[in-house]
Each structure stands twice: as C-alpha cells, then as structure tokens.
Amino acid sequence: MQSLPSSLLLAAMAIVLVTGCEDAAKKSAQAPLVATALRPSPAAAQPPPQNSKASQAAQAQQKIPVLTTVPLPLWSREQLPSSLLSSPPVSDKASLIARVEEKFTSGEQNFKAGHLDAARRDFDTAVDWMLQSGYDLDNDPQLRELFHRVVDTVYTYELQAFRAGDGFQETPAVPAPIDEVAEMTFPVDPRLKDRAEAAAKNVSHDLPLTVNDEVLSFLNFFQTPRGKAIVETGLSRSGKYREMIARILREEGVPQDLIYLAQAESAFQPLALSRAGARGIWQFVPWRGNEYGLKRSWWVDERQDPEKATRAAAQHLRDLYGLFGDWYLAMAAYNCGPGNVQKGIERTGYADFWELYRRNVLPRETKNYVPIIVALTLIAKDAAHYSVQAELEKPVPSDVVKPGRAIDLRLVAETIDVDVETLRTLNPSLLRLATPDDPAFELHLPVGTAEKFSAEIADIPPEKWVSWRRHRVEPGDTLTSLAKKYKVTATAIAAANSLGDTRSLTPGDKLIIPAAQPVTDMKSRLVRYRVRKGDTLGGIADQFSVSTDELRKWNSLKTGRVSRGMVLRVYTIGGAPEARPAHKKTATKRKAPAVKTASSANADPKSP
C-alpha cells in the first residue's frame, strides 16, 4: 500500500483540529478520550470530493473524525446492528458506564411516566451497548454489577407491565366509514328525486334538508347492498347512544339532527379511526380534541369516550355556527377546518355551501361530506320509505367506580366474573388492558357489580393491582399448573391464599395469583443452570417458564445453541423450578440437574 504524501497527511490533521474546535464550541462538555495512538482511517486515504457542499453535508451527517483512536480489539463497528451506529464509539469503560447509566435512567423515567414502548427501547439499547462493547462483562466486577442491575430491574418492570403482547398492545381500531364513502361519486336516479322531495316535506327536522343532485347521488348509493349495510349498521348501533347524544345536544343548544353527523363519521363506532388520524364517534383529530378538553395519554384517549366526545362535538359545532351563521358551512368546517371554509368564502364572495361546492373551492371529501349527512338524515327519519330496516340496540347501563390508581382490566374481570371484552366495550376510551394511575378516572362496570368489585378487590394490596391476578379453580388445576401458567411459584400462590400445608384445590374457589414481585426480591431469583447432554435452549426456557430470547440476552448468546457443561444464568421467580415426576419412558435414574440459587447479586462471581 502506497504511503500518504506528508502534505496530504498534514492537511488531514488540520481538518481534524478545526472540526474538533467546532464540536467543542457546540457542546458544553465532552467525555475525554483515552490517550492512544492515532492512525489514519480508510476515509482519509480517499481524495476529497469535488463538490464542497456535498462534502460538508456528508461530514455533518457522519460526524466521524478523519483520524480516529485505535478501537478496542474485540469488535468492529461494521459488525454492529445499524441501530447502534448512531451512537459514538466507546472510548473507555468509564464512557460506556456513563452512557449505559444515562440510557437506563431514561428508561426508568419513561416507564414511570407510562411510556412503555419508549422505556423498552431505552432498556434494550442499554443492554445491547454492554453486550456489544467488547468488554468481558463477567470478569469485570464493575461492569458485571451494572449489567445484572440493569437486567434485574428490566425483568421486574416487564412483569409489572403485564408482559409484552398483552398489556403493552393498544386496543385495535376499526376503519371509519367516512373514508370509504366521502371520496366516491354515484349516478343520480331520476325516479328518486320526487320521492325524496315528498318524503322530506313529511318529516320533522331542525336542520335544513336540501334535495338536489348531490344529495340524490348518495341516496342512490345508500340503496345499494353495500350502502344499505353501512346505514343499517350505524342506525342499529345508534340505539346505544341516542338518548345520551340527544340530551347533550339539547343541553348545548344545538340541533338534534346533528346526531347524523356522527352516523356519517363513524356509524357510532367508538373505536373508529380515519386515515387522517381522527378517532371516535365524532372523529376528532388530536389537536382539535385537545382544544375541547379531550385528554390523550398512553393509557387513555377520550376521543373514544362517547359522552365526553359528544359534549366536545356539540360545543365545537356551536362555535362553528357562531362563526359562519349557517349549519351547512358549520358542518363543512367541522370536516376540513374553519380556515379552509373561510378561504373559500373570501375567494368567491359567497357564504353559501352549495355555491362553494359548485365553484370547487372545497376539498373533495368536504364537498361530499354535507350531502352524505343530508342523505343519511333523510333515510334515518323515514327508514321504511327507503327500504332500510334496523333494530336499535338498547343502551347499556353501567356502574361507575373510581379505583383510585392503576388496575389491570383482567384482574377486574376476574374479580366480578365477567369477560375482558365486556369491560372494554364499557370503557372504549381505554387504550390498554389497564386503567391510568389517575385518582379521577372513572371505570364503568356492568350494572350491579360495583359493590362486589369493591368488596373483593380489598383482598389485594392496591400496589399489586397492575400485576396480581385472580383465578377461579377449574377441575384438574393444581398449584404447579397454575404456577407455570402465571409464571410464579406454587409456594407464592399458597402463601397469598393462606393455604398452609393443604395444597389441594377445590373447583369453583377463587385464588389470588401474585404475578409479580418487587425489585428487592430479585436477588433470590438468579439461578445458575449447568447444561446437560440433550438439553436445548427451548427446553431450558420451558423448564424455568422464561423465553429463549430472555435466556440469550441474559447469557450474551449469539445463537440458540447450547453445549454440555455451559452454565447459564436464569432469572426466574422464586429460584429453581419445582421438581417434576420422572418420565415414564425413563427406566434408569438420571442425575439431578446442577442447579444452585444465588442468595445475592454477587454470589459465585466466577461463574459465567
């Protein structure tokens, strides 16, 4: 390889010095690098690009100096996952520890704030940085203590958060009907006009009912099988909310016929979600909902609360009418925003929806929005005339309680003997399988169950409401089978239910399941398992009721293969698993697996 000319090398060094000065000016403090020899990076051997702007952009994006310190010998940045390349290379152990502590602290803050997805990313990054650092974590006491402290805490947090794929997942939304209908165009049936005009004259209404070609085209669509299904589904579901909506519209002093705006928006589906991110029966976008007091958090979205969203929609529509003095313009502004309607009025000089429609100054969806609502109003007021049949669902009464702190919906369901879906239906604003840690939050329960809930939930400490469970004993249940199902020990279940020496279970009884324990109990859960001949990672994971991914992370395993004699770290609740009966096919006695429980985080420091 030909050596670099001295002039080029000096120029490169000068660039580094200038770059370093600029970075120092931007940052108030920077961790010092260890004093190591400098060597040219491969990039320094390449001639500088001709385009100076491109060169500056590349340097700004890459932020890698031309001359770098000699990296630690145990890993190469080219082998790291792409997610780690955004972080600076580890210069020494102190820098690694500082970065891991910072990321770990960020994860704890996110977890306590209820941002579990962000917390998980922070924790995973902290662990990955240590595993990919190139240091021998087992033989360095300081790094070993940090690694196991992070893993112990993360494991406990995962248990408290009802485990990924369960409490972490948001309640799935359903498509908003307005997205399907508002962008369509349909032919006008000439025979329908006279019938529609005659029907409009014979129904009571408190919104203007215009019958023109634009309205007739959607009346025609709602006579098709697909259109009729949308109308009938919405009208049936409206029975649940009709009384509540009518009361709130009356209290806010707006027309009763505005209920059909919700029919058009969502077909009265609280979980409806549009392509634009609007949610709920009244399809509020986030910022508009916040403007009218609809709160959003990781746990709750009040846009999906039928009563609160109805109140907000009535107030918003009243404000829009006050702005434009016309209900059609108010409805158009509800869809596309008052600014767009105001611009259309200023461009044309007409404060009339149909003039704005004909002059094509409104978005296409908004142009169709008002005709859809008028068409649905005509059909709903005279369903038989349009051959629409819908049996109204009845309102669902409920009891209301204030738990006072976060509680897992599964625990609530098991306490009052209902299914979780019933609770979700009664509480559509809940995004997760738990309530927020908010003393003011009101939880809706099936009517007649509030007293039972209050009496039975008192048996469980409030701080355990997001982790402990209840289980009704079924024939064939044993403490061992329940322990495996809920990932606890049989001893813990027996202690929580004061079973004493009597371990037999009676079908129909209810048991308290202590599904997670505090961080302070984690020291007794570290188990060291020596791999035997024939063991697989999956089999070991099943034996200790953990996942293979957890085993790989705890033991820095790059593959899913284990070999005889390896000693694995296993974090399992309560220590070693219970002894199981020998398999009938095994005639000879097998030596018991080498398992020992560490009594403290520093036990057996020499073990890997």
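Residues numbered from 1 in each chain as written. Predicted model: local features only at pLDDT ≥ 70, side-chain atom pairs only at ≥ 80, totals over all residues. Heavy atoms only, no water.

**So, the overall build of the protein chain**
Here is step 1: Per the secondary structure count, the protein chain includes 25 helices and eleven strands.
Here is step 2: The proportion of buried residues among the 608 residues of the protein chain is 45%.
Here is step 3: The contacts of the protein chain with a sequence gap of at least 6 include a subset with a gap of at least 24, amounting to 70%.
Here is step 4: In the form shown here, the protein chain has an accessible surface area of approximately 32,200 Å², with 52% of it arising from carbon and sulfur atoms. (Helix = DSSP H or I, 4+ residues; strand = E, 2+ residues; numbered from the N terminus. Buried < 20%, exposed > 50% of the residue type's maximum accessible area, 1.4 Å probe, protein only. Contact = heavy atoms within 4.5 Å. Areas by Shrake-Rupley, 256 points an atom, 1.4 Å probe, with all protein chains shown as cover.)

**What to know about the packing of aromatic side chains**
Here is step 1: According to the stated counting rule, one finds nine aromatic pairs in the structure shown.
Here is step 2: A ring pair is formed by Tyr328 and Trp354, whose centres lie 5.9 Å apart and whose planes are at 90°; its orientation type is edge-to-face. Of this pair, Tyr328 sits in helix α15 (residues 327–336) while Trp354 is found in helix α17 (residues 353–358), placing the two residues 26 residues apart along the sequence.
Here is step 3: Judged by its relative accessible area of 6%, Tyr328 is buried.
Here is step 4: Pairwise contacts between aromatic rings join Tyr328, Phe353, Trp354 and Tyr357 into one cluster. (Phe/Tyr/Trp six-rings, centres within 6.5 Å; stacked < 30°, edge-to-face > 60°.)

**Remarks on the confidence of the model for the protein chain**
Here is step 1: Chain-level statistics for the protein chain give a pLDDT mean of 75 and a share of 71% at 70 or above.
Here is step 2: pLDDT under 50 marks residues 1–90. Its contacts with residues more than four places away, or in other chains, come to 52 contacts.
Here is step 3: Low confidence marks residues 573–608, where pLDDT is under 50. Its contacts with residues over four positions away, or in another chain, come to 64 contacts. (pLDDT = per-residue confidence, 0-100.)

**Considering the packing of helix α8 (residues 190–201) against helix α9 (residues 213–221)**
Here is step 1: Running from N to C, α8 and α9 point in directions that differ by 100°, and their axes come no closer than 10 Å. Taken together, α8 and α9 sit at an angle that is classed as roughly perpendicular. Here Leu192, Lys193 and Ala196 of α8 lie close against α9, whose contacting residues are Leu216, Leu219 and Asn220. (Axes fitted to C-alpha atoms, helices over the stretch in contact; angles between N-to-C directions. Parallel < 35°, antiparallel > 145°, perpendicular 65-115°, else oblique.)

**Re the nonpolar core**
Here is step 1: Ranked by internal contacts, the top residues of the largest apolar core, which has 76 residues, are Leu219, Phe222, Trp282 and Val341.
Here is step 2: Dropping the residues within four chain positions of it, Trp282 is found in contact with Ile245, Leu258, Ile259, Leu261, Ala262, Ala309, Thr310, Ala313 and Tyr334. (Core = buried A, V, L, I, M, F, W, Y, C linked by side-chain atoms within 4.5 Å.)

**A look at the environment of Gln315**
Here is step 1: Positionally, Gln315 belongs in helix α14 (residues 306–324).
Here is step 2: Looking at Gln315, the relative accessible area reads 23%, which means it is partly exposed.
Here is step 3: Separated by 63 residues in sequence, Gln315 and Glu252 have C-alpha atoms that sit 6.7 Å apart.
Here is step 4: Those residues in contact with Gln315 that sit more than four places away from it in its chain are Glu252 and Tyr292.

**Structural notes on the pattern of salt bridges**
Here is step 1: Taken as a whole and judged by the stated rule, the model has 26 salt bridges.
Here is step 2: Between Glu252 and Arg311 there is a salt bridge, with the nearest N and O atoms lying 2.9 Å from each other. Residue Glu252 is found in the loop between α11 (242–251) and α12 (259–266), and its partner Arg311 is found in helix α14; the two are separated by 59 residues along the sequence.
Here is step 3: The buried category is assigned to Glu252, whose relative accessible area is 11%.
Here is step 4: Residue Arg279 pairs with Asp301 through a salt bridge whose shortest N-O separation is 3.8 Å. Of this pair, Arg279 sits in the loop between β4 (272–273) and α13 (286–291) while Asp301 is found in the loop between α13 and α14, placing the two residues 22 residues apart along the sequence.
Here is step 5: Since its relative accessible area comes to 3%, Asp301 is described here as buried.
Here is step 6: One salt-bridge network, held together by shared partners, links Arg247, Glu251, Glu252, Glu307, Arg311 and Arg318. (Salt bridge = Lys/Arg side-chain N within 4 Å of Asp/Glu carboxyl O.)

**Some thoughts on α9**
Side chains three or four residues apart in an α-helix point the same way, a direct result of the helix having 3.6 residues per turn.
Here is step 1: A large share of α9 lies buried, amounting to seven of its nine residues.
Here is step 2: All of the buried residues along α9 are Val215, Leu216, Ser217, Phe218, Leu219, Asn220 and Phe221.
Here is step 3: Elements in contact with the buried residues of α9: α7 (177–181), α8, α10 (225–238), α17 and α18 (364–381).

**Quick look at α18**
Here is step 1: An ideal rise of 1.5 Å per residue puts 26 Å on 18 residues; α18 measures up with 27 Å between its terminal C-alpha atoms.
Here is step 2: Across the 18 residues that make up α18, a large majority, 14, are buried. (Expected span 1.5 Å × (residues − 1).)

**Here we look at the packing of α12 against α18**
Here is step 1: Relative to each other, α12 and α18 sit at 115°, their axes nearing to 9 Å. Regarding the angle of α12 to α18, the classification is roughly perpendicular. α18 is crossed by α12, and the crossing has right-handed handedness. Listed contacts from α18 to Tyr260, Leu261, Gln263, Ala264 and Glu265 of α12 are Tyr369, Ile372, Ile373, Leu376, Thr377, Ala380 and Lys381.
Here is step 2: Each residue belonging to the contact of α12 with α18 can be placed in one class, and the counts come to eight nonpolar, two polar and two charged. (Left-handed = near helix turned anticlockwise from the far one by under 90°. Nonpolar A, V, L, I, M, F, W, Y, C, P; charged D, E, K, R; others polar.)

**Points about the environment of Tyr369**
Here is step 1: Tracing the backbone through its elements, the reader meets Tyr369 in helix α18.
Here is step 2: Judged by relative accessible area, which is 0%, Tyr369 ranks as buried.
Here is step 3: Linking Tyr369 and Ala264, residues 105 residues apart in sequence, is a C-alpha distance of 8.1 Å.
Here is step 4: Those residues in contact with Tyr369 that sit more than four places away from it in its chain are Ile178, Leu261, Glu265, Met331, Tyr334 and Asn335.

**Observations concerning unusual backbone geometry**
Here is step 1: Residues other than glycine seldom take positive phi values, yet Ala267 does so here, at roughly 55°.
Here is step 2: By the secondary structure assignment, Ala267 is in the loop between α12 and β4.
Here is step 3: Judged by its relative accessible area of 5%, Ala267 falls in the buried class.
Here is step 4: Residue Ser556 is not a glycine yet carries a positive backbone phi of 55°.
Here is step 5: Of the residues examined, Ser556 reaches a relative accessible area of 41% and is grouped as partly exposed.

**Here we look at the side chain of Ser133**
Here is step 1: Among the secondary structure elements, Ser133 is positioned in the loop between α4 (116–131) and α5 (141–160).
Here is step 2: At 3.2 Å, the side chain of Ser133 forms a polar contact with the backbone nitrogen of Tyr135. (Polar contact = N/O pair within 3.5 Å; in protein donor to acceptor, adjacent residues only side chain to side chain.)

**Concerning the environment of Leu433**
Here is step 1: Residue placement: Leu433 occurs in the loop between α20 (420–426) and β6 (443–446).
Here is step 2: Classification of Leu433 as buried rests on a relative accessible area of 6%.
Here is step 3: Considering only alpha carbons, one finds Leu433 and Arg410, 23 residues apart in sequence, at a separation of 7.2 Å.

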